[in-house]
Amino acid sequence: MRVLEARAFRGPNPYGYRPVIRFKLDLEQLEQHPTSELADFTDRLLELMPTLHEHGCSYGEPGGFVRRLREGTWLGHVSEHIALELQCLAGTPVTYGKTRGAGEGEGIYYVVYSYIEEHVGLLAGRLALRLVNHLLPTELQGVQGLELLTPDHGLAATSPDAPFDYQAELEELIVLAQRLALGPTTQSLVDEACQRGIPAIRLDEQSLVQLGYGKYQHRIRASVTSRTSNIAVETASDKELTNRLLDDVGLPVPRNMLVRSAEEAVAAAERFGYPVVTKPLDVSHGRGVSLNLQDAEQVRWGYEQAAQYRSAVLVETFLQGKDYRVLVVNEQVVAVAERVPAHVQGDGQHTIAELVEITNQDPRRGIGHEKVLTRITINEQAQRLLQQAGYTADTVLQPGEIFHLRSTANISTGGTAIDRTSDIHYDNIEIARRAARVVGLDIAGIDIITPNIGESLREIGGGIVEVNAGPGFRMHLQPSEGTPRNVARPVINMLFPPNTPARIPIVSITGTNGKTTTARMVAHMLKLHGLRVGLTTTDGIYIDGELYMRGDLTGPWSARMALKDPTIEAAVLETARGGILREGLGFDRCDVGAVLNIQADHLGLRGVETLEDLARVKSLVVEVVDKHGTSVLNADDPLTVAMRERAEGRIAYFSMHGGDNGPEHLREHIAEGGIAVVLQSGVKGQMIAIYHAEQYIPLLWTHLIPATLEGKARVNVANALAATAIAYVLDVPVETIRQALRTFTTSFYQTPGRLNIFDEYPFRVIMDYGHNPAALEHMVDLVAKLRPSYNRVIGVVSGPGDRRDEDLVKLGELAGRMFDEVIIKQDASLRGRPSAQAAGLVRQGVLSTGFAEARITTVLPELEAVDEALGRATAGDLVVIFADQVTPVWKRIIYFGRPEVQNQAV
């Protein structure tokens, strides 16, 4: 079998609204070998992966997939289930998957399955295929293309040619999943945000996450937020300074002294009186901390432990009592945990070392922060505690005897936590709140030592030993004993108080033609409405009208780039078919999804063979509309109208036909009070009008909209209708919409490549990016209306190389109907065709209309073709250029005959 391609969809996509991986698999000869004919394949698979018994598959109950295996199913389907289960075993549970024929012949399948971590998902697919291959009879073994499922994850991946070792490769997958997984604190905040409908974007492979879009975003890294003061973090990191600040305001703290040598440490201890504590000045997680040091020798040892981390060491008085962590969020105590140092309890039979191993078998314990609890190790500090007690790792403790293997109670060193939130005394709540305020932290972990947190520190003694920035939530979310506390909720409420926005308005515009112009019109309307707009188009990414990145940026990557910008107040996203098929959408949902039209273009590419296929892809934009949002549909396009069955939110139509003369579904929609923007005929021409509930709002005559060329450019009339509908449902005032249409032009500077007109020669030049038959049909209509004003119409035309032969011929036919002279050029990218082949097909189409061969010229280089057309033009002519490289062609037009300035900026 062979992997032909692999792709990760990171947002809503044609396979669903969750991230999925899809790889195309050619089973080759294995198409003739379902699992029922593969001897012991199923038994050996279940022996290695018994958890597959839990998969229901099409039967919808545990054991369903095993039933399919025994009845006989194909190995693509088997690979899907294995890839899902491998991710579950790695700690990233997923369940959705499906395998379908790719429509490219027998034995070729799309294997689709969901993922949480992209690299883990890809590697799971790779391991699934290696496992399937390993279980096959020798004569059927062989898998190629695995490099397509090998992510660059920074770990040494097993070579596809290496001997297969299932357990070793599963361990590799688990290690990768653990490395890439968000920590428990960050994950809890992301989960809580998602519960609130707040979007999350991971910004790195660690724990930096953006919550919210645009101007409303906040960032978190674990429990450090965009509101966390850097000064406060620096203060909390300096334990000596923190102690002094708290002492200055009368909060109970131990006495301490900063020392830089072992002898200074002993002197400080003798000054305070034993026992004492030594700790590094600014190290977290209990590293280098030694407690209850009873004499000078122990203090010297403690100093050496701390000095491994920092040259500056604190010596402070040892407070008797239990170790408590009080979590303060936004000046409120939200959780309290008693922390118990890592320990074992004797049973009279096992050694301490054996008890550690038994304790570590608790499934809640893992490495580092991967699980609720951390595995215990017998390190140097544990050895010292054993030595002090006269024990060794081989000592057998008496039944019930508890022995602590750490002097500190950090969860990260194997400690446990008991929830004490309901027990804390009011005085202690106020002490913790004041401590957080004094240091200046929005989220603080206050470490308190006291005999009982339920009694006032001022009466029974104790004090604050540390104030921590970025405290971990693990002990509160999943304590070893007691009630779990949702401490993520108050953090999210702090960042996004109830009834405050986390999202900016998002408009997603798709369709075959008109996307860029409509998107620019909408952005113009929103700008006049006072919003700072992020706009993505085929020309680039614009922020508040300024070009930030040039290029065809209509995919998910550019959408995410715009939504990450912390200054924008609205996003208008041109959403192309290619990006959806390549990676899915770059957002989870939108406020307005608009489908302008479904017309023949890009057919025969990436599995899109028919207009119905294309409609299914583009309908995704309206399927992810927010329940309070609006789906804007073209009432004149049957394929677009049919999307109303899948569209979310309310429906708004736009139509080139008046309300009374429009199609029946439009008339019914208007009669029911729905929103519709239509074209009405009147004595002065044609009027854009809005219907909504019982309102009829005449907006503007089309001949007053510059972009419509006095109403003649019907394509921009349609674009204006769509843009009006989008702006109206976003509550842009009608007068603002009217003014925006009056001031929107088709100049190169406002809409590059869209009906740009140059009138500074004795002849007129129109440049347009039209590149499919539907776009040329609109130009045929426009040229027919303009023709009476001109002597000749000269056209420059080409066709994209990845279009079907019949589409290229059709472009030629339309050019033959439109022009008096035709110059055929070639796009810069051949898109897989031999040079001149696409031009030849366009020429064939021109000739099919009876066009005289003498009036057809082929000049393949685009800029030379432009020069040829401009050189032929005389006074009173019209030159229409369908441009591929829009900016270079425009420069050629405006600087024609002046090569010395053709390279300067426009």
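Shown above is the structure to which this text applies.
Calculation criteria
- Counting from 1, residues in each chain are numbered in the order their sequence is written.
- Two thresholds apply to this predicted model, a pLDDT of at least 70 for residue-level local features and 80 or more for giving and counting side-chain atom pairs, whereas whole-chain, interface and lining totals are computed over all residues.
- With hydrogens and water set aside, each side-chain value is computed from the structure's full complement of heavy atoms.
- Think of it this way: a Phe, Tyr or Trp ring, Trp meaning its six-membered ring, pairs with another when their centres are within 6.5 Å, and the plane angle makes it stacked under 30 degrees, edge-to-face over 60, tilted otherwise.
- Relative accessibility thresholds used throughout: buried, under 20% of the residue-type maximum; exposed, over 50%; partly exposed, between the two (1.4 Å probe, protein chains only).
- Each helix is a run of H or I in the DSSP string that is no shorter than four residues. Each strand is a run of E no shorter than two, and both are numbered from the N terminus.
- Placement of a charge over a ring requires the Lys NZ or Arg CZ to be within 6 Å of the ring centre, with the centre-to-atom vector within 35 degrees of the ring normal.
- A cavity here means a set of points on a 1 Å grid, drawn over the protein atoms and nothing else, where a 1.4 Å probe fits but cannot get out; a pocket is an open set with protein on both sides within 12 Å along at least five of seven lines, and a residue lines either one if it has an atom within 4 Å of a point.
- Grid points are joined across faces, edges and corners, and a volume is the space filled by probe spheres set on the points.
- Put simply, buried Ala, Val, Leu, Ile, Met, Phe, Trp, Tyr and Cys residues joined by side-chain atoms within 4.5 Å make one nonpolar core.
- Axes here mean lines fitted to C-alpha atoms, for a helix over just the part in contact, with angles spanning 0 to 180 degrees between N-to-C directions.
- Angular relationships are summarised with four words: roughly parallel below 35 degrees, roughly antiparallel beyond 145, roughly perpendicular across 65 to 115, and oblique for the angles in between.
- Helix crossings are classified by the rotation of the near helix relative to the far one: an anticlockwise turn of less than a right angle makes the crossing left-handed, while a clockwise turn makes it right-handed.
- Residue contacts are counted whenever heavy atoms from the two residues lie within 4.5 Å of one another.
- Gly is placed with the polar residues, together with every amino acid not listed as nonpolar (Ala, Val, Leu, Ile, Met, Phe, Trp, Tyr, Cys and Pro) or charged (Asp, Glu, Lys and Arg).
- Paired strands are those between which DSSP finds at least two bridges.

**Section: the packing of aromatic side chains**
Right, so step 1: Tallying each qualifying case throughout the model produces 11 aromatic pairs.
Right, so step 2: Taking the centre distance of 5.7 Å and the plane angle of 90 degrees together, the rings of Phe748 and Tyr749 count as edge-to-face.
Right, so step 3: Exposure remark for Phe748: the relative accessible area of 8% places this residue in the buried category.
Right, so step 4: With 6.4 Å between their ring centres and 80 degrees between their planes, Tyr761 and Phe896 make a pair best called edge-to-face. Of this pair, Tyr761 sits in the loop between strand E33 (756-758) and strand E34 (764-768) while Phe896 sits in the segment after helix H30 (886-894); the two residues are 135 residues apart in sequence, bridging distant segments of the chain.
Right, so step 5: Its end group placed over the ring of Tyr96, Arg18 keeps NZ or CZ at 4.3 Å from the ring centre.

**Quick notes on empty space enclosed by the protein**
Right, so step 1: By the definition in use, this model includes 4 cavities of 30 Å³ or more.
Right, so step 2: Empty space within the largest cavity amounts to approximately 100 Å³.
Right, so step 3: Surrounding the largest cavity, 13 residues form its lining, His771, Pro800, Asp827, Ala883 and Asp884 being those nearest its centre.

**Let's talk about the nonpolar core**
Right, so step 1: The biggest cluster of nonpolar side chains holds 51 residues, and the ones touching the most others in it are Phe41, Leu45, Leu75, Val78, Ile82, Leu86 and Leu129.
Right, so step 2: Breaking this core down by element, the ones donating at least two residues are strand E1 (2-9), strand E2 (20-26), helix H1 (41-48), helix H2 (64-71), helix H3 (75-89), strand E4 (108-114), helix H4 (118-135) and helix H5 (166-180).
Right, so step 3: For this core, the leading source of residues is H4, giving 10 residues.
Right, so step 4: Val507, Val592, Ala594 and Phe744 belong to the second largest nonpolar core, which has 47 residues in total.

**Observations concerning the packing of helix H29 (residues 862-872) against H30**
Right, so step 1: Two elements in contact, H29 and H30, have axes separated by 10 Å at closest approach and are oriented at 30 degrees. Between H29 and H30, the angle is such that the two are roughly parallel. Two packed elements cross with a definite hand, and for H29 against H30 that hand is right-handed. Here Glu862, Leu863, Val866, Asp867 and Leu870 of H29 come into contact with H30, specifically with Pro888, Val889, Arg892 and Ile893.
Right, so step 2: Of the residues that constitute the contact of H29 with H30, the class distribution is 6 nonpolar, no polar and 3 charged.

**Structural notes on the pairing of strand E13 (residues 322-329)**
Right, so step 1: Of all the 8 residues making up E13, 7 are buried; the element is thus mostly covered by neighbouring parts of the structure.
Right, so step 2: Note that E13 and strand E20 (residues 443-450) share 8 bridges and pair antiparallel. The partner of Asp323 across the bridge, within E20, is Ile449.
Right, so step 3: Linking E13 back to strand E14 (residues 332-340) in an antiparallel pair, the connection comprises 2 residues, with Asn330 at a positive phi of about 55 degrees.

**Comments concerning the sheet that holds E20**
Right, so step 1: Pairing in this open sheet of 5 strands is antiparallel, and the strands run E19-E14-E13-E20-E21 from one edge to the other. For this open sheet the edge positions go to strand E19 (416-419) and strand E21 (463-469), each flanked by a neighbour on one side alone. Going from strand to strand, the sheet's axes swing by 30 degrees on average, the running direction of each strand aside.

**Regarding the sheet that holds strand E31 (residues 685-692)**
Right, so step 1: An order of E25-E24-E23-E26-E22-E27-E28-E29-E30-E31-E32 is seen for the 11 strands of this open sheet, with the pairing classed as mixed. Edge positions in the sheet fall to strand E25 (546-550) and strand E32 (695-701), since each of these pairs with one other strand and no more. Each adjacent strand pair in this sheet contributes to an overall mean axis angle of 20 degrees, direction not counted.
Right, so step 2: Here strand E29 (residues 650-655) runs beside strand E30 (residues 675-682); their pairing, made up of 4 bridges, is parallel. Residue Ala652 lies in a different strand from E30, and its bridge partner there is Ile675.
Right, so step 3: Set on the sheet, helix H23 (residues 664-671) makes contact with E29, E30 and E31; between it and E29 the angle comes to about 125 degrees.

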